[in-house]
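# Coordinate inspection notes
As a plain string of letters, each chain reads:
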Amino acid sequence: MNQIEVQIFNIGSDKADSTICMPLPVLRINPKLLPAHISKALESQGISIEEIACLDGVNGTILDIKGSKSRIVVSIYPADSAGAPSSAQSAPEPAPGPEPEPEPEPEPEPEPEPEPEPEPEPEPEPEPEPEPEPEPEPEPEPEPEPEPEPEPEPE
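Residues numbered from 1 in each chain as written. Predicted model: local features only at pLDDT ≥ 70, side-chain atom pairs only at ≥ 80, totals over all residues. Heavy atoms only, no water.

## Comments concerning the overall build of the protein chain
Across its full length, the protein chain holds 3 helices and 4 strands. Going from the N terminus to the C terminus, the protein chain shows its helices and strands as β-β-α-α-α-β-β. When burial is assessed residue by residue, the protein chain has 21% of its 155 residues classed as buried. When contacts within the protein chain are restricted to residue pairs at least 6 apart in sequence, long-range pairs at least 24 apart make up 45% of them. (Helix = DSSP H or I, 4+ residues; strand = E, 2+ residues; numbered from the N terminus. Buried < 20%, exposed > 50% of the residue type's maximum accessible area, 1.4 Å probe, protein only. Contact = heavy atoms within 4.5 Å.)

If you want it as structure tokens, here you go:
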């Protein structure tokens with residue numbers, strides 16, 4: 001399946017200000033899926049989206065329009081399985097200008113040393129069970145005091 005890619009560059013910039021990629025059959029079915037600012041940029045140059053969508057069997061950059069304030073690049077290419085341009089197709093050459101300085105590569109962080117595995121703690125020896133204390137002998141109950149005998153009543 002072919003993809004369409006539209007890039008809009010500001011003059012003097014190497015980096016695209018806007019980029020859109022979509023399958024060409026989707027553009028054929030509904031050209032209104034293309035973002036409005038890209039459609040307007042193409043239409044302002046007299047380019048019909050519907051005509052571009054009908055270009056089947058064409059590969060590569062089909063338009064490279066340089067205006068006073070912007071540059072529009074339209075490309076059609078076969079998509080690989082990841083949906084990106086194939087390796088045979090490259091991005092358009094940026095406008096000549098000073099080359100940007102390459103960003104310094106970040107230094108890789110040192111890998112942390114693996115923590116040593118803790119040694120297993122020795123199993124504690126079981127404490128000897130204390131001998132049970134002997135139960136105290138119950139105190140004998142005191143014998144009740146005998147009741148005094150009643151005195152006989154005088155008659």
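Having put the structure on the table, let's press on.
## Here's the deal with helix α2 (residues 36-44)
Turning to α2, its buried residues number three or more, namely I38, S39, A41 and L42. Each buried residue of α2 sits inside an arc of 160° when the element is viewed along its axis, so together they form one side. Within α2, the exposed residues directed more than 90 degrees away from the buried face are K40, E43 and S44. If you follow the buried residues of α2, they end up packed against β1 (2-10), β2 (16-23), α3 (49-53) and β4 (70-78). Note on α2: the residue one or two positions beyond its end, G46, has a positive phi of about 80°. (Arc of directions from axis to C-beta.)

## Details of the confidence of the model for the protein chain
Per-residue pLDDT for the protein chain has a mean of 75; in total, 68% of the residues score no lower than 70. In the predicted structure, residues 81-92 sits below a pLDDT of 50 and forms 16 contacts with residues beyond four places in sequence or in another chain. (pLDDT = per-residue confidence, 0-100.)

## Points about the pairing of β2
Strand direction decides the pairing type here: β1 and β2, joined by 7 bridges, are antiparallel. Note that in β2 the partner of F9 across the bridge is A16. In this antiparallel pair of consecutive strands, β1 and β2, the connection spans 5 residues, and G12 shows a positive phi of 90°. (Pairing = 2+ DSSP bridges.)

## A short note on the pattern of salt bridges
Under the counting rule described, the total for this entry stands at 1 salt bridge. Linking R71 and D64 is a salt bridge whose minimum nitrogen-to-oxygen distance equals 2.9 Å. A relative accessible area of 8% means that R71 is categorised as buried. Among the residues examined, D64 registers a relative accessible area of 37% and is labelled partly exposed. (Salt bridge = Lys/Arg side-chain N within 4 Å of Asp/Glu carboxyl O.)

## A short note on the packing of aromatic side chains
Following the criterion strictly, the structure yields 0 aromatic pairs and no others. Positioned above the aromatic ring of F9 is the side chain of R71, whose terminal nitrogen or guanidinium carbon lies 5.3 Å from the ring centre. (Phe/Tyr/Trp six-rings, centres within 6.5 Å; stacked < 30°, edge-to-face > 60°. Lys NZ or Arg CZ within 6 Å of the ring centre and 35° of its normal.)

## Points about the sheet that holds strand β3 (residues 60-66)
Pairing is antiparallel in the open sheet, where 4 strands are placed in the order β2-β1-β4-β3. Of all strands in the sheet, those with a lone pairing partner are β2 and β3, marking the two edges. Neighbouring strand axes in the sheet, compared pairwise and without regard to direction, differ in orientation by 10° on average. Examined bridge by bridge, β1 and β4 share 9 bridges and lie antiparallel to one another. Along β4, the bridge assignment pairs Q7 with V73. Its contacts with the sheet place α2 against β1, β2 and β4, and it is angled at close to 80° to β1. (Axes fitted to C-alpha atoms, helices over the stretch in contact; angles between N-to-C directions.)

## Focus on the environment of P31
Its place among the elements puts P31 in the loop between α1 (24-29) and α2. For the pair P31 and I52, spaced 21 residues apart in sequence, the C-alpha separation works out to 9.9 Å. Not counting residues within four places of it along the chain, the set of residues in contact with P31 comprises I49 and E50.

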